[in-house]
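Coordinate inspection notes
Chain by chain, the residues:
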Amino acid sequence: MKALTVVPLTKDSARLDDIGEPPESDGPVLVQTLAVGICGTDIEILSGEYGWAPPGHKRLVLGHESLGKVLEAPAGGDLAVGDYVVGIVRRPDPVPCANCAVDEWDFCRNGEYTERGIKQHDGYLSERYRIQPDFAVKVAPALGTLGVLLEPTSVVAKAWEEVDRIGGRAHWAPKTAVVTGAGPIGLLAAMIGVQRGLDVHVFDQVATGLKPDLVAALGATYHTGPIEESVKDPDVVIECTGVSSLVLDAMEHVGTGGVVCLTGVSSGGHTLSVDEGQLNRSMVLENVAVVGSVNANRRHYQAAADALAAADPAWLGRLITRRVPLDRWEQALERSADDVKVVIEVTPS
Ligand code: BGC
């Protein structure tokens, strides 16, 4: 079967390979892959900057934002042939650490977790894959190929859960949220913010085109300048770019008692000059909390499924700006300013 594989940490090593059928050791559920979304992490892996092959292998099958259809499932379980499923990305570490032991693998303490398509476990960008039933999340068939948005939505569902739990350390009735970045993660974070009844403001660099339109269609407000010029004292900032100046901006301008949640992974080597004393002073005197958030556990996939079910399917459909057949996977890596989510169609729809 065909699979998109890469030699981790080796630039331009990606190729469409012919590989064997998925190993039984991956689980009793056999899935036909329908579509796989491409995100910043995949681009990093393809650029040779991130990723780990499975032990004893040179190449890694890419792909962690999946949607597939069950071909085989154990009798008597929750999954049946024909179900639409999304594969969870992370697997708990084998020790297991205290968090993985209670299925909170997104908070793995020892770093020995694996991630499909990213870290030491082949991903979902092959014509078929196998999976353990506990790591396959059923999605409503009505969503169709929009189910491919479940994994990125799970990442922001976790971010919102963190915001709520931390905000809830004192009376918490947030009204205003800022989201930095109008890529898929930012737009999905904004969607959940609007679903919660918040006044949501999205900041990005592009001034015209699809991104401002999508934000307006959500009922949120789009901005291009610095946060402080447009929104005073937001209760929540969800930072979705990883751009250091925006991270600092968020920390400086969130309101008293506010929560800043960082979801963007930045590259190193950016040094900014900052008045640390002033920043520390304002964070202490205003009880500001800054939290990093990565990955998602099963509870977050469920929350994400609820968020997608409550969203306007037409709006979600506009997030998928291009669908590229597997044979032309290279086109999925070319980005135009108006691209939001590019999806590789493994099985033509
Ligand atoms: C994935 C997460 C993963 C993270 C770090 C993200 O792109 O969505 O599931 O934990 O990369 O590897």
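That block above? That's the structure.
Below or above, wherever it landed, is the structure these notes cover.

Thresholds, definitions, all that
- Within each chain, residue numbers correspond to sequence positions counted from 1 in written order.
- It should be noted that, the model being predicted, local features are given only for residues of pLDDT at least 70 and side-chain atom pairs only at 80 or more, the latter also being counted only at that level, while totals for whole chains, interfaces and linings use all residues.
- For side-chain calculations, the full set of non-hydrogen atoms in the structure is used, while hydrogens and water are omitted.
- Accessibility here uses a 1.4 Å probe with only protein chains present; expressed as a share of the type maximum, an area under 20% marks a residue as buried, one over 50% as exposed, and anything in between as partly exposed.
- Put simply, DSSP H or I for four residues or longer makes a helix, DSSP E for two residues or longer makes a strand, and each gets a number counted from the N terminus.
- Each pair of strands is called paired provided DSSP finds at least two bridges between the two strands.
- Viewed with both strands pointing away, a crossover whose connecting path from the first strand over the helix to the second turns clockwise is right-handed.
- We call a residue near a given molecule or strand whenever any one of its heavy atoms falls within 4 Å of it.
- A 3.5 Å cut-off defines polar contacts: any pair of N or O atoms within that distance qualifies, except that in protein one atom must be a possible hydrogen donor and the other a possible acceptor, and neighbouring residues in sequence count only when both atoms are side-chain atoms.
- The protein chains shown are the only cover counted for residues, whose accessible areas, like all others here, come from Shrake-Rupley with a 1.4 Å probe.
- Each residue gets one of three labels, nonpolar for Ala, Val, Leu, Ile, Met, Phe, Trp, Tyr, Cys and Pro, charged for Asp, Glu, Lys and Arg, and polar for the others, Gly among them.
- Of the two site types, the cavity is a set of points on a 1 Å grid over the protein atoms alone where a 1.4 Å probe fits but cannot get out, and the pocket is an open set with protein on both sides within 12 Å along at least five of seven lines, each lined by residues with an atom within 4 Å of a point.
- Grid points are joined across faces, edges and corners, and a volume is the space filled by probe spheres set on the points.
- In this analysis, two residues are considered to be in contact whenever any of their non-hydrogen atoms come within 4.5 Å of each other.

What follows is about the pairing of strand β17 (residues 289-292). Looking along a regular strand, one sees side chains alternate from face to face of the sheet. Residue alternation in β17 divides its side chains into a buried set, Ala-289 and Val-291, and an unburied set, Val-290 and Gly-292. Where strand β16 (residues 259-262) and β17 come together, four bridges link them in parallel fashion. What sits directly across from Val-259, in β17, is Ala-289. Handedness of the β16-helix α7 (residues 276-285)-β17 crossover: right-handed.

Read from one edge to the other, the open sheet built from three strands follows the order β7-β8-β9, with strand pairing classed as mixed. A strand with exactly one partner marks an edge of an open sheet, and here the two such strands are β7 (90-91) and β9 (120-121). Alignment of strand β8 (residues 114-116) against β9, held across two bridges, turns out to be parallel. In the strand pairing of β9, Glu-115 is matched with Gln-120.

Next up on the list: the site of the ligand. The full set of residues close to the ligand is Cys-39, Thr-41, Tyr-50, His-64, Val-89, Arg-90, Glu-115, Ile-118, Glu-151, Val-155, Val-294 and Asn-295. Contacts to the ligand include Glu-115, whose side-chain N or O atom sits 2.6 Å from an oxygen atom. Measuring from an oxygen atom of the ligand, one finds a side-chain N or O atom of Asn-295 at 2.9 Å. When isolated, the ligand has an accessible area of 310 Å², and the protein chains bury 88% of it. Tallied by class, the residues present in the shell around the ligand amount to six nonpolar, three polar and three charged.

Counted as a void, the second largest pocket has a volume near 260 Å³. Taken together, 20 residues form the lining of the second largest pocket, with Ile-19, Pro-23, His-57, Val-61 and Asp-122 sitting closest to its centre. Those elements giving two or more residues to the lining of the second largest pocket turn out to be β4 (60-61) and β10 (128-131). When its residues are assigned to classes, the lining of the second largest pocket shows seven nonpolar, five polar and eight charged.

Each neighbour pair has its own omega, and for Val-95 with Pro-96 the value is -15 degrees, a cis peptide bond. In this structure, Pro-96 sits in the loop between β7 and β8.

Here Val-259 lies in strand β16. Sequence separation of Val-259 and Ile-238 is 21 residues, and the distance between their C-alpha atoms is 8.4 Å. Setting aside residues up to four positions removed in sequence, Val-259 forms contacts with Val-163, Ile-166, Gly-167, Trp-172, Asp-235, Val-236, Val-237, Val-254, Ala-289 and Val-291.

Remember that the coordinates give geometry; whether it matters functionally is a separate question.
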